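Overview (structure and organization)
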Amino acid sequence: MTRFLPVLAIQAPAQSMRDADDTARFEQQLQVHLSDFGPNFGPEDKDTPRLVVYPEMHCCPSAGTPEQRQAQLEAAAEPIDGPRMRALGDIARRQGIWLQPGSLCERGADGHLYNTAPVFSPAGECVAAYRKCFPWRPFEPYRPGSQFSVFEIPGVGRIGLAICYDIWFPEVCRQLAWLGAEVIINPVATTTSDRAQEQVLIRANAIFNQVFMVSVNASTPAGVGESAIIDPEGRVRAQLPGATAGTLTDVLNLDEVSRVRRFGTAGLNRLWSQSREDDPALELPMYEGRLDPRRWRERG
């Protein structure tokens, strides 16, 4: 059975979700996007898993001086089981979708702020909540996360999460791929001129790890857009060329990941079966660890 995953990536400006009116506005706009793209994205097709992805900090905008941004984020922060999370779960359930609403400002039990990307199933359950491991310092006031996160869409495959600056650190996507991720969602809020470099990095991470990359950036007035979907051989499948609000739609065939990993990128490079079990271990002093051929296998 072919493993298809329809994806709707929404490049949009951030909008607050502070009260019932904000929540209703978010869901109304989502319904418009879903209805625009036919039966693969409409509520009438409940049997097809459909994934909707938003940019980083989509529901927790902040602007101004560092002090003003800090105050705005402090005011927006909620615990992982707070009302914003419950509202998003209800939206996912009512719309019958897998919802990745970008990232949110989480107030951890330790009192710190975290940049956290949740995922909700069509049943409204929060199935993953990833804390950004590499906040963009000194701009971001968040405490780094300490765990990687993948989740399963039954009958389709495994999905990983990497927020914005995380993809500049190749260890993140490599670890997600090792944990079995075939698609990596990358919510972004890039407002700066280095989006050109990020375009290189999302393609490179796709090639290095033979995964789909779904990188969704914020639009104007703050973000520079250029959201993109990349295939497991590093080819651009879909891309928004500018910073204005818009959507990307695609249907990912996760069997493409299996094909590329079996036969190699361009039919040549089989990264996940590179090592033989009798090869010597490669010490990794930077990590006080090692690359052991006996563990150099995608776990799936």
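As the structure is a computational prediction, the values presented were derived from the model and not from experiment. (Residues numbered from 1 in each chain as written. Predicted model: local features only at pLDDT ≥ 70, side-chain atom pairs only at ≥ 80, totals over all residues. Heavy atoms only, no water.)

Turning to the overall build of the protein, a few remarks are in order. Within the protein one finds 6 helices and 15 strands. By principal-axis analysis of the C-alpha atoms, the protein measures approximately 60 × 45 × 35 Å. Taken across its 300 residues, the protein has 49% of its residues classed as buried. Excluding contacts between residues fewer than 6 apart, the proportion of contacts in the protein whose partners are at least 24 apart in sequence is 64%. When the accessible area of the protein is evaluated, it comes to approximately 13,900 Å², of which 53% is carbon and sulfur surface. (Helix = DSSP H or I, 4+ residues; strand = E, 2+ residues; numbered from the N terminus. Buried < 20%, exposed > 50% of the residue type's maximum accessible area, 1.4 Å probe, protein only. Contact = heavy atoms within 4.5 Å. Areas by Shrake-Rupley, 256 points an atom, 1.4 Å probe, with all protein chains shown as cover.)

So, about unusual backbone geometry. Of note, the bond from arginine 137 into proline 138 is cis; its omega dihedral lies within 30 degrees of zero at 5°. With respect to the helices and strands, the residue proline 138 is situated in the loop between strand 6 (126–131) and strand 7 (150–153). Residue proline 221 is reached from threonine 220 by a cis peptide bond, and omega for that bond is 15°. One can find proline 221 in the loop between strand 10 (212–216) and strand 11 (228–230). Despite not being glycine, cysteine 164 has its phi angle at roughly 40°, a positive value. Topologically, cysteine 164 is positioned in the loop between strand 8 (157–161) and helix 4 (170–178). Residue cysteine 164 is classed as buried on the basis of its relative accessible area of 8%. Of note in the backbone geometry, glutamate 226 takes a positive phi value of approximately 60° without being a glycine.

This part is about the pairing of strand 4 (residues 104–107). Direction of pairing for strand 4 relative to strand 5 (residues 113–120): antiparallel, over a ladder of 4 bridges. Bridge pairing links arginine 107 to leucine 113 in strand 5. Hairpin connection of strand 4 to strand 5: 5 residues between the antiparallel strands, including glycine 111 at a positive phi of 90°. (Pairing = 2+ DSSP bridges.)

Looking at the secondary structure, you find glycine 82 in the loop between helix 2 (66–76) and helix 3 (83–95). When the C-alpha positions of glycine 82 and arginine 107 are compared, they lie 9.4 Å apart, and in sequence the two are 25 residues distant.

To continue, consider the nonpolar core. What tends to happen in soluble globular proteins is that the nonpolar side chains get buried as a cluster. Leu5, Phe151, Ile184, Met213 and Leu252 are the most contacted members of the largest nonpolar core, which totals 48 residues. One finds Ile10, Val52, Ala76 and Ala77 within the second-largest nonpolar core, a separate group that totals 26 residues. (Core = buried A, V, L, I, M, F, W, Y, C linked by side-chain atoms within 4.5 Å.)

With that out of the way, let us pick up the pairing of strand 8. Here strand 8 lies mainly inside the structure; 4 of its 5 residues are buried. Relative to strand 8, strand 7 is paired through 4 bridges, and the arrangement is antiparallel. Across the sheet, residue phenylalanine 151 finds its bridge partner in strand 8, namely isoleucine 159. For strand 8 and strand 9 (residues 183–187), the ladder comprises 3 bridges, and the chain directions are parallel. Pairing of isoleucine 159 across the sheet is with valine 183, part of strand 9. For the crossover that starts at strand 8, traverses helix 4 and ends in the parallel strand 9, the hand is right-handed. (Right-handed = clockwise from strand over helix to strand, strands pointing away.)

To continue, consider the environment of alanine 266. Structurally, alanine 266 is set in the loop between helix 6 (255–263) and strand 14 (282–284). Since its relative accessible area comes to 59%, alanine 266 is described here as exposed. Measuring from C-alpha to C-alpha, the distance between alanine 266 and glutamate 233 comes to 7.2 Å, with 33 residues separating the pair along the chain.

Turning next to the pattern of salt bridges. Within the structure shown, the criterion is met by 18 salt bridges. Across the salt bridge formed by glutamate 106 and arginine 131, the nearest N and O atoms sit 2.7 Å from each other. Of the two residues, glutamate 106 sits in strand 4 while arginine 131 sits in strand 6, which places them 25 residues apart along the sequence. Its relative accessible area of 7% is what places glutamate 106 among the buried residues. (Salt bridge = Lys/Arg side-chain N within 4 Å of Asp/Glu carboxyl O.)

What follows is about the side chain of glutamate 56. Inspection of the secondary structure assignment puts glutamate 56 in the loop between strand 2 (51–53) and helix 2. By relative accessible area, which is 5% here, glutamate 56 ends up buried. One polar contact links glutamate 56 to asparagine 115, side chain to side chain, over a distance of 2.8 Å. In terms of polar contacts, glutamate 56 uses its side chain to reach the side chain of lysine 132, at 2.9 Å. Sequence-distant contacts of glutamate 56, that is, excluding residues within four places in its chain, are made with Gly102, Ser103, Asn115, Lys132, Glu140, Ile163, Cys164, Pro187, Val188, Ala189 and Val216. (Polar contact = N/O pair within 3.5 Å; in protein donor to acceptor, adjacent residues only side chain to side chain.)

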